[in-house]
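Letter by letter, the chains look like this.
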Amino acid sequence: AIAKAKAETRDTKQRQLDAESRKKRPNAAMTRALAESLSETQTRIRGAERMIADAFTKIFTHRFRDVDANVRAQCMQSIGEWMRSHPLFFLSDVYLKYLGWSLSDKDPRVRRAVLAALRALYAASAENLALMDTFNARFQPRIAEMIHDVDASVAVEAIGTL
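What you are looking at is a predicted structure, and each value in this text was computed from that prediction instead of being measured. (Residues numbered from 1 in each chain as written. Predicted model: local features only at pLDDT ≥ 70, side-chain atom pairs only at ≥ 80, totals over all residues. Heavy atoms only, no water.)

Focus on the environment of Thr57
Thought 1: Within the secondary structure layout, Thr57 lies in helix α2 (residues 28–63).
Thought 2: Residue classification places Thr57 among the partly exposed residues on the basis of a relative accessible area of 46%.
Thought 3: Looking at Thr57, its side chain comes within polar contact range of the main-chain oxygen of Ala53, at 2.9 Å. (Helix = DSSP H or I, 4+ residues; strand = E, 2+ residues; numbered from the N terminus. Buried < 20%, exposed > 50% of the residue type's maximum accessible area, 1.4 Å probe, protein only. Polar contact = N/O pair within 3.5 Å; in protein donor to acceptor, adjacent residues only side chain to side chain.)

Here it is, written out as structure tokens:
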């Protein structure tokens, strides 16, 4: 929520700066203040993103391999939600690979959670699809294979994802 609010603030500041710059007689002090504020906001966003990446590395990367399938399934559900709420940050190969790897999890709850997360991402926006090109090229065959999964609920979810 904090990162999203900071991003909205950054976008607002950028629009204000652009509008001020387009004026016939831009106010130099206003332009300078907006540029400084925009720079400060971008620095804060980078700091928040570093904290998110650190937490992800220290917590998620260990829990997505947990012995308990419920924990692994919850990890997949959570990363799917993060990807929907912060696509520009999380929809990169750095994070998408965890969904891809979990498509082959031994437990059907985990595979189903991954497919549900992917289906929600695909439905959210066309921009998500564009950001996921490399992932889709690599893992689309696996998703197609999953139509014949031994667990019927996974097969149904795979059909819905395609």
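Looking at helix α3 (residues 69–85)
Thought 1: The end-to-end C-alpha distance of α3, which contains 17 residues, comes to 24 Å, matching closely the 24 Å that a straight helix rising 1.5 Å per residue would cover.
Thought 2: Regarding α3, the residues found buried are Ala69, Arg72, Ala73, Cys75, Met76, Ser78, Ile79, Gly80 and Met83.
Thought 3: Against α2, α4 (87–90), α5 (93–102) and α6 (108–124) lie the buried residues of α3.
Thought 4: Among the residues of α3, the N-terminal cap falls to Asp68, whose side-chain oxygen and the backbone nitrogen of Asn70 are separated by 2.9 Å. (Expected span 1.5 Å × (residues − 1). Contact = heavy atoms within 4.5 Å.)

Some details on the environment of Arg138
Thought 1: Its place among the elements puts Arg138 in helix α8 (residues 133–145).
Thought 2: When the C-alpha atoms of Arg138 and Ala55 are compared, they prove to be 27 Å apart, with 83 residues separating the residues in sequence.

Some words on α5
Thought 1: Listing the buried residues of α5 in full gives Tyr95, Leu96, Tyr98, Leu99, Gly100 and Ser102.
Thought 2: Buried residues along α5 sit against α2, α3, α4, α6, α7 (126–131) and α8.

Thoughts on the pattern of salt bridges
A side chain of one charge can pair with a side chain of the opposite charge when the charged atoms of the two come close.
Thought 1: Scanning all chains against the criterion turns up eight salt bridges.
Thought 2: When the shortest N-O distance is used, the salt bridge between Arg109 and Asp107 registers 2.9 Å.
Thought 3: A relative accessible area of 15% means that Asp107 is categorised as buried.
Thought 4: Among the ionic pairs, Asp151 bridges to Arg112, the shortest N-O distance being 3.7 Å. Separated by 39 residues along the polypeptide, Asp151 in the loop between α8 and α9 (152–161) and Arg112 in helix α6 bring together distant segments of the chain.
Thought 5: Judged by its relative accessible area of 22%, Asp151 is partly exposed.
Thought 6: Overall, the relative accessible area of 28% leaves Arg112 in the partly exposed class. (Salt bridge = Lys/Arg side-chain N within 4 Å of Asp/Glu carboxyl O.)

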